[in-house]
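Descriptive structure summary
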Amino acid sequence: AVARMADGTIIKTTVIDITGSDFLGWEVNRTAFAMPEITCTIGNTLLISISCLCEHIFATSGGSTGSGRYGTAKLYIHTVTAAQNVTPVGTLLASVKSGRNLVASSTASSPSFSPVTVRGKFVATATSHFVGLAGQSPNIYNGMYFRISELAPHIVVQEVKGDIT
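Residues numbered from 1 in each chain as written. Predicted model: local features only at pLDDT ≥ 70, side-chain atom pairs only at ≥ 80, totals over all residues. Heavy atoms only, no water.

**A word on the overall build of the protein**
Test applied: To qualify as a helix, a DSSP run of H or I must reach at least 4 residues; to qualify as a strand, a run of E must reach at least 2; elements of each kind are numbered from the N terminus. Burial classes: relative accessible area under 20% of the type maximum marks a residue as buried, over 50% as exposed, and values in between as partly exposed (1.4 Å probe, protein chains only). Only heavy atoms matter for contacts: two residues are in contact if any of them lie within 4.5 Å across the pair.
When helices and strands are tallied, the protein shows zero helices and eleven strands. Seen through its C-alpha atoms, the protein measures out along the principal axes to roughly 75 × 30 × 25 Å. Here the protein holds 165 residues, and the buried ones make up 42% of them. Considering only residue pairs separated by 6 or more positions, the protein has 84% of its internal contacts joining residues 24 or more positions apart.

Shown next, in the form of structure tokens:
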């Protein structure tokens, strides 16, 4: 007799290292890198974790000042891919804010470096999906700089038997 795999059992783990150019995002939600493909079985749960290094910068414009050096990293999943620096496609699985807010407004560059990890899970609806990370800052004065060349983002995908959401 063949033993049946129990729901919740990890079937496989895939690690994807992202390469390419650094990406600087501002107030418009944009993809930080081209969305890589992951293969899976329909009905299984995918646990996804993306880790990367972000530098939060401030750019003065017309003498404006601001206290923020922060942004939001967003994890997306879809059945089609998207290139770097486009509006993300698909479903937003999770998001995390990183950086800092200064005590007072300042035109000083004062960057903030933040290691960022975003995690999400969903049940596969197709045999392949594309996973992506997008960045968005609160306004045109805050930049969220994904330092891909300094610390390549890692995507870890664990496929788990069944729906454990």
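This is not the end of the story, as more comes after the structure.
**Side note on the pattern of salt bridges**
Let me state the cut-off plainly: Salt bridges, as used here, are contacts in which a Lys or Arg side-chain nitrogen is within 4 Å of a carboxyl oxygen on Asp or Glu.
Summed over all chains, the structure comprises four salt bridges. Arg 147 serves as the salt-bridge partner of Asp 22, at 3.6 Å between the closest nitrogen and oxygen. With Asp 22 in the loop between strand S1 (10-17) and strand S2 (23-25) and Arg 147 in the loop between strand S10 (142-146) and strand S11 (154-160), this residue pair connects regions lying 125 residues apart in the sequence. Ionic pairing is found between Arg 147 and Glu 55, a salt bridge with its closest N-O pair at 2.4 Å. On the criterion of sequence distance, the pair formed by Arg 147 in the loop between S10 and S11 and Glu 55 in strand S5 (residues 45-58) is long-range, its members being 92 residues apart.

**Brief notes about the nonpolar core**
What counts here: Joining through side-chain atoms within 4.5 Å is the link that ties buried Ala, Val, Leu, Ile, Met, Phe, Trp, Tyr and Cys residues into a set, and such a set is a nonpolar core.
Core analysis: the largest hydrophobic core is formed by 27 residues, its most contacted members being Phe 33, Ile 48, Ile 50, Leu 133, Phe 146 and Ile 155. Among the secondary structure elements, those contributing two or more residues to this core are S5, strand S6 (66-78), strand S8 (112-123), strand S9 (128-136), S10 and S11. Ranked by residues supplied to this core, first place goes to S5 with five residues. Once you skip the residues sitting within four places of it in the chain, Leu 133 turns out to touch Arg 30, Thr 31, Ala 32, Phe 33, Ile 50, Cys 52, Ala 73, Lys 74, Leu 75, Val 118 and Phe 146.

**Thoughts on the pairing of S5**
Keep this limit in mind: Strand pairing is assigned whenever DSSP detects at least two bridges linking the two strands.
Taking burial as the measure, the 14 residues of S5 include twelve buried ones, the bulk of the element. Here S5 pairs with S8 via twelve bridges, running antiparallel. Counted as the bridge partner of Leu 47 is Lys 121 from S8. Bridge count between S5 and S11: seven bridges; the pairing is antiparallel. Counted as the bridge partner of Leu 47 is Gln 158 from S11. As defined by bridge partners, S5 adjoins S10 across five bridges and the pair is classed as antiparallel.

**Some points on the environment of Ile 11**
Position of Ile 11 relative to the elements: it lies in strand S1. Under the relative-accessibility criterion, Ile 11 is labelled partly exposed at 36%. Measuring from C-alpha to C-alpha, the distance between Ile 11 and Asn 44 comes to 9.3 Å, with 33 residues separating the pair along the chain. Those residues within four positions of Ile 11 in sequence are excluded, and the remaining contacts are Met 5, Asn 44, Glu 159, Val 160 and Lys 161.

**Describing unusual backbone geometry**
Backbone geometry at Asn 85 places phi at a positive 65°, although glycine is not the residue there. Of note, Asn 85 is situated in the loop between S6 and strand S7 (91-106).

**Considering the environment of Pro 88**
Structurally, Pro 88 can be placed in the loop between S6 and S7. Considered as a pair, Pro 88 and Glu 37 are 51 residues apart in the sequence and their alpha carbons are 15 Å apart. Excluding anything up to four places from it in sequence, Pro 88 contacts Asn 29, Arg 30, Thr 31, Tyr 76 and Ala 134.

**Quick look at the side chain of Glu 55**
Our working rule: Any N or O atom pair separated by 3.5 Å or less is treated as a polar contact, with the protein-specific requirement of one donor-capable and one acceptor-capable atom, and with residues adjacent in sequence counted only for side-chain atom pairs.
Accessibility expressed as a relative area gives 8% for Glu 55, which makes it buried. Within the structure, Glu 55 has its side chain in polar contact with the side chain of Arg 147 (distance 2.4 Å).

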